[in-house]
Every structure is written in C-alpha cells, then in structure tokens.
Amino acid sequence: MAPLPISSIRVGKIEDVQELIKSKPNKVPERFIRDANERGVLVSPKTHLHQHIPVIDLSKLSKAHTHDDFLFEILKLSQACEAWGFFQVINHGIEVDVVDDMEKVAKEFFEMPLEEKKKYPMEPGTVQGYGQAFIFSEDQKLDWCNMFALGVHPPSIRNPKLWPSKPVRFSESLEGYSKDIRTLCKRLLNYIAISLGLKEERFEVMFGEAVQAVRMNFYPPCSSPDLVLGLSPHSDGSALTVLQQSKDSCVGLQILKDNTWVPVLPLPNALVINIGDTVEVLTNGKYKSVEHRVVTNRERERLTIVTFYAPNYEVEIEPMGELVDEETNPCKYRSYNHGDYSYHYVSNKLQGKKSLDFAKILN
Ligand SMILES: COC(=O)C(/C=C/C1=C(C)CCCC1(C)C)=C/O[C@H]1C=C(C)C(=O)O1
Ligand SMILES: O=C(O)CCC(=O)C(=O)O
Ligand SMILES: [Fe+2]
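Residues numbered from 1 in each chain as written. Chains lettered and ligands numbered in written order. Predicted model: local features only at pLDDT ≥ 70, side-chain atom pairs only at ≥ 80, totals over all residues. Heavy atoms only, no water.

## Points about the overall build of the protein chain
Part 1: A tally of helices and strands in the protein chain yields eight helices and 14 strands.
Part 2: Computed over the C-alpha atoms, the radius of gyration of the protein chain is 20 Å, within 12% of the 21 Å expected from 2.2 N^0.38 for a compact globule of 363 residues.
Part 3: Judged by the C-alpha coordinates and their principal axes, the protein chain covers about 60 × 45 × 40 Å.
Part 4: Taking all 363 residues of the protein chain together, 55% fall into the buried category.
Part 5: Across the protein chain, contacts joining residues at least 24 apart in sequence account for 79% of those joining residues at least 6 apart.
Part 6: As displayed, the protein chain has an accessible area near 16700 Å², and 53% of this comes from carbon and sulfur atoms. (Helix = DSSP H or I, 4+ residues; strand = E, 2+ residues; numbered from the N terminus. Rg over C-alpha atoms; globule rule 2.2 N^0.38 Å. Buried < 20%, exposed > 50% of the residue type's maximum accessible area, 1.4 Å probe, protein only. Contact = heavy atoms within 4.5 Å. Areas by Shrake-Rupley, 256 points an atom, 1.4 Å probe, with all protein chains shown as cover.)

Below is the structure:
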C-alpha cells in the first residue's frame, strides 16, 4: 500500500491527551469539543434498558461437544453477525497469560514519558506509530485518545523502526499475542463460512497471506466526557476485528443498533469480535459491519488492543457468487482490489460507514 501524499496534508497541532490532562486536568481544548449532534451521550453501565451483544461460546464449536451444541452455536453466530455485526467470544482458547501479558506491555508503553513514545511517531499520511490517525485537516475535531498502531503480518507491511525497544518485552509479547489472534481469526472465519452454508475454508483460501495490524488505544479520563468522543463513529475496514478491553478499563465502546448507541459491557476473559467492511461486501450485505464509537469517562481510563484481520492486498473482493442471485439478491457492491480499499480507508477521516461508499453500487 503506497504512502499518502504527505505534502498536501496540514493537520495543525495535535495535542497528546495524556500530557494534556497532566498539565490542565480540567481543560478541554476547543479542537476536542464536538458539535452538539456528535457528542457522546453517557450511558450508565448499570442500566438494564439495553440489549446486549450476543455471546458465543467457542468451546461448543470444538469436537468435544455434541453436534446439536455445534449447530445451536453456529445458529447463534449467524444471528449475531446478521443482527448485530458484533459479538463476544468466551472460551476462545487463548491463554489468559498471553492476553494479560499483551495488556501489561501495552499499558507500560502508554505510561512511558512522551519523549520515549515520540521515538515512534505516526507521521502525517501514515497509519503506523504513536499519534492520532485519520486526521487530514487543521480544523478536523480530535478524538480523546492516544493511539499506537503497527502492521504485523505479512512481514512486508512492518516498519521495524516503529517496533519499540521499550518496554523490553513489547515485541516478544506482541509476536506471541498476534500469532494466537491470527489462529483465532482463521477459526472464526471458518465458523462464519459454515454459518453461511459455505465450504469451511472458503475465506482462508480466498484471503491468501492475510494482512494483520494492531492498534492500541488509550483513552485517559476526561473532565467533560459529554463534550468529547474517545473515538469517532466508524466501521472497520477489515474482514474481522478482535478487541481486547483491559481489565481495569471503563465501559466506553458503543455500537449503533436501530438508531440507538448501545454500550458493550465487558465480560471477564472475553474478546469482542466485529464484522468489518470486507465481510459485509463478501456476503453481499447479509453480515454487516456496524458503526461504533467510544465515549470517555470522567474518572477512569480505558485501554484497548485491537487487531484488524483482512485479506492480502492483492486479493480482488466482490460479493461471493454463492450469496448472490441475479433475480432475488443482486450484487450490492462492485468488485475492487483490497489494497486499493485499504488505501482509500486510511486516507479518509473516520465518518460512520462512509468508507464503504467506495464499493457500493448505487442505483
Ligand atoms: C490507525 O490504523 C488503523 O486504524 C487501521 C490501520 C491498519 C493498518 C496498519 C496499521 C498497517 C498496515 C495497513 C493497515 C491499513 C491494515 C485500521 O485498519 C483497518 C482498515 C483496513 C482497510 C483494514 O484492513 O483494517
Ligand atoms: O477502543 C475501543 O473500544 C474501540 C476501538 C475501535 O473501534 C477501533 O480501534 O477500531
Ligand atoms: Fe473500530
């Protein structure tokens, strides 16, 4: 994927939110204050008024369980992908130590002094390193978030200069974690294929050497959480996204369901999975990538480790023939190259599901 044309990008001063709350704990600079229609309404996690995203027990999909258990869980998965685009997985098979270790090094990374983190800058027009991605103009509102993003796989997408030497165990932990998350993504895509009545390895074969990137998001507390957003509304450009919320994180992720922002309440040892734009296109819209955003908290911070899993850049994407019917379910998306979609995605600001207009066939 080619870098963006840096010369044309003027982003102004992007303040580091962790530093901001150290020096002026009660001040929210104008550039973070959202227009009234965009602001994150706080939703109490205690409220029982909300529906919750489905929970899929992956142990029920292993050989140790009965065929009925398997079918029931696959049905739940299919309903989750169709109605929610989001679900949590429990008994996912990734060792607690691997997950905890990743959380620990990510936390240590964000806790380092700014000078240390600045050794790995996200330059304007790039998406890897420490900073804020998706900023393309001086008047664009900023998210109340610090990010650290790295390309992980295949090795050709890595920028080794951005892999930090501190915390000392960071790279080793990220390698181990990413290997396990990759296995989980392949497994989930196999189950998703089964849930669609496709051959189990349909996605794996199509994706080739899949692209995997990780983004760590740190949201410090904010004195006026009702005025800002932790992360702007967006859908993910990936095929699947795996989100880990650190143990002491506040609730913050909200997904747009039936025009209402529904909070995602963390479950112990669960991972949150969401369908990305690529699976929406491949399934001709049967499984949807759902718009989501993050709100902040007055007292508590939030740390998330997010993996984007997507086809190789060379792969041509279009709705799968098995899921299209010229008469009853015609193609809703055109054919395109995934590398081109990735470029399009990272060269535009996060704006709901707007990125997918790239692929939509408009009648
Ligand atoms: C800040 O970055 C992102 O939010 C992001 C970027 C991912 C990427 C890298 C960090 C390096 C390699 C390229 C890639 C674009 C995957 C989001 O990723 C989404 C967007 C697309 C498209 C995707 O596949 O995942
Ligand atoms: O931090 C979160 O809860 C959500 C992060 C997210 O949506 C993303 O990184 O794409
Ligand atoms: Fe996201």
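More follows now that the structure is in view.
## Topic: the site of ligand 1
Part 1: Around ligand 1, the structure places 20 residues, and the nearest of them are Arg215, Phe308, Ala310, Tyr313 and Tyr345.
Part 2: When isolated, ligand 1 has an accessible area of 530 Å², and the protein chains bury 99% of it.
Part 3: Of all the elements in the fold, those that place two or more residues in the shell around ligand 1 are strand 4 (146–153), strand 5 (211–219), strand 12 (302–310) and helix 8 (338–346).
Part 4: Take the shell around ligand 1: its biggest share by element is four residues, from helix 8.
Part 5: The residue makeup of the shell around ligand 1, split by class, is 13 nonpolar, six polar and one charged. (Near = heavy atom within 4 Å. Nonpolar A, V, L, I, M, F, W, Y, C, P; charged D, E, K, R; others polar.)

## Re the packing of aromatic side chains
Part 1: By the definition in use, this model includes 16 aromatic pairs.
Part 2: Arranged with centres 5.5 Å apart and planes meeting at 45°, the rings of tyrosine 336 and tyrosine 341 form a pair that is tilted. Each member of the pair, tyrosine 336 as well as tyrosine 341, carries the same accessibility label: buried.
Part 3: Seen in terms of ring centroids, tyrosine 336 and phenylalanine 358 are 5.5 Å apart; in terms of plane orientation they differ by 85°. Their pairing is edge-to-face. Of this pair, tyrosine 336 sits in strand 14 (residues 336–337) while phenylalanine 358 sits in the segment after helix 8, and the two are 22 residues apart along the sequence. (Phe/Tyr/Trp six-rings, centres within 6.5 Å; stacked < 30°, edge-to-face > 60°.)

## So, the site of ligand 2
Part 1: Neighbouring ligand 2 are 14 residues, the closest being Arg215, Tyr219, His234, Arg302 and Thr304.
Part 2: Contacts to ligand 2 include asparagine 217, whose side-chain N or O atom sits 3.1 Å from an oxygen atom.
Part 3: Interatomic distance of 2.6 Å between a side-chain N/O atom of arginine 302 and an oxygen atom of ligand 2.
Part 4: Starting from 290 Å² of accessible surface for ligand 2 in isolation, the protein chains cover 99%.
Part 5: Those elements giving two or more residues to the shell around ligand 2 turn out to be strand 5, strand 6 (231–234), strand 11 (292–294) and strand 12. (Polar contact = N/O pair within 3.5 Å; in protein donor to acceptor, adjacent residues only side chain to side chain.)

## Details of the nonpolar core
Part 1: Counting residues in hydrophobic clusters, the biggest one holds 92 residues, and the most contacted among them are Phe87, Phe148, Ile192, Phe203, Phe207 and Met216.
Part 2: Considering every element that reaches this core, the biggest residue donor is helix 5 (residues 170–195), with eleven residues.
Part 3: Setting aside residues no more than four positions away along its own chain, methionine 216 makes contact with Met102, Ala106, Phe110, Asn146, Met147, Phe148, Phe170, Thr304 and Ile305.
Part 4: Grouped together as the second largest cluster of nonpolar side chains are twelve residues, Val17, Phe32, Ile33 and Trp144 included. (Core = buried A, V, L, I, M, F, W, Y, C linked by side-chain atoms within 4.5 Å.)

## A look at the sheet that holds strand 3 (residues 129–131)
Hydrogen bonds along the backbone pair up the strands of a sheet, which may run parallel or antiparallel.
Part 1: Taking strand neighbours across the sheet as the criterion, the eight strands line up as 1-2-10-7-12-5-4-3 in an open arrangement whose pairing is mixed. Of all strands in the sheet, those bounded by a partner on one side alone are strand 1 (55–57) and strand 3. Within the sheet, the average angular offset between the axes of one strand and its neighbour, ignoring direction, is 25°.
Part 2: As paired strands, strand 5 and strand 12 are joined by nine bridges and run antiparallel to one another. The partner of asparagine 217 across the bridge, within strand 12, is threonine 304.
Part 3: In this fold helix 2 (residues 67–83) packs onto strand 1, strand 2 (86–90) and strand 10 (271–275), with an angle of close to 150° to the strand it touches most, strand 1.
Part 4: Strands strand 3, strand 4, strand 5, strand 7 (240–245) and strand 12 of the sheet are contacted by helix 3 (residues 96–111), whose axis makes an angle of about 115° with strand 12. (Pairing = 2+ DSSP bridges. Axes fitted to C-alpha atoms, helices over the stretch in contact; angles between N-to-C directions.)

## A short note on the UniProt feature "domain: Fe2OG dioxygenase" (unreviewed entry) in the protein chain
Part 1: The feature "domain: Fe2OG dioxygenase" (unreviewed entry), as given by UniProt, occupies residues 202–311 in the numbering adopted here.
Part 2: Secondary structure content for residues 202–311 is 11% helix and 41% strand, while the C-alpha to C-alpha distance between its ends is 12 Å. (UniProt positions renumbered as here; feature names shortened; annotations may be inferred.)

## Re the sheet that holds strand 6
Part 1: Taken in spatial order, the four strands line up as 6-11-8-9 in an open sheet, and their pairing is antiparallel. Here the strands that pair on one side only, and so sit at the sheet edges, are strand 6 and strand 9 (260–263). Pairwise comparison of adjacent strand axes, ignoring direction, gives a mean angle of 25° for this sheet.
Part 2: Here four bridges tie strand 8 (residues 253–257) to strand 9, and the two strands are oriented antiparallel to one another. Across the sheet, leucine 256 pairs through a bridge with tryptophan 261, a residue of strand 9.

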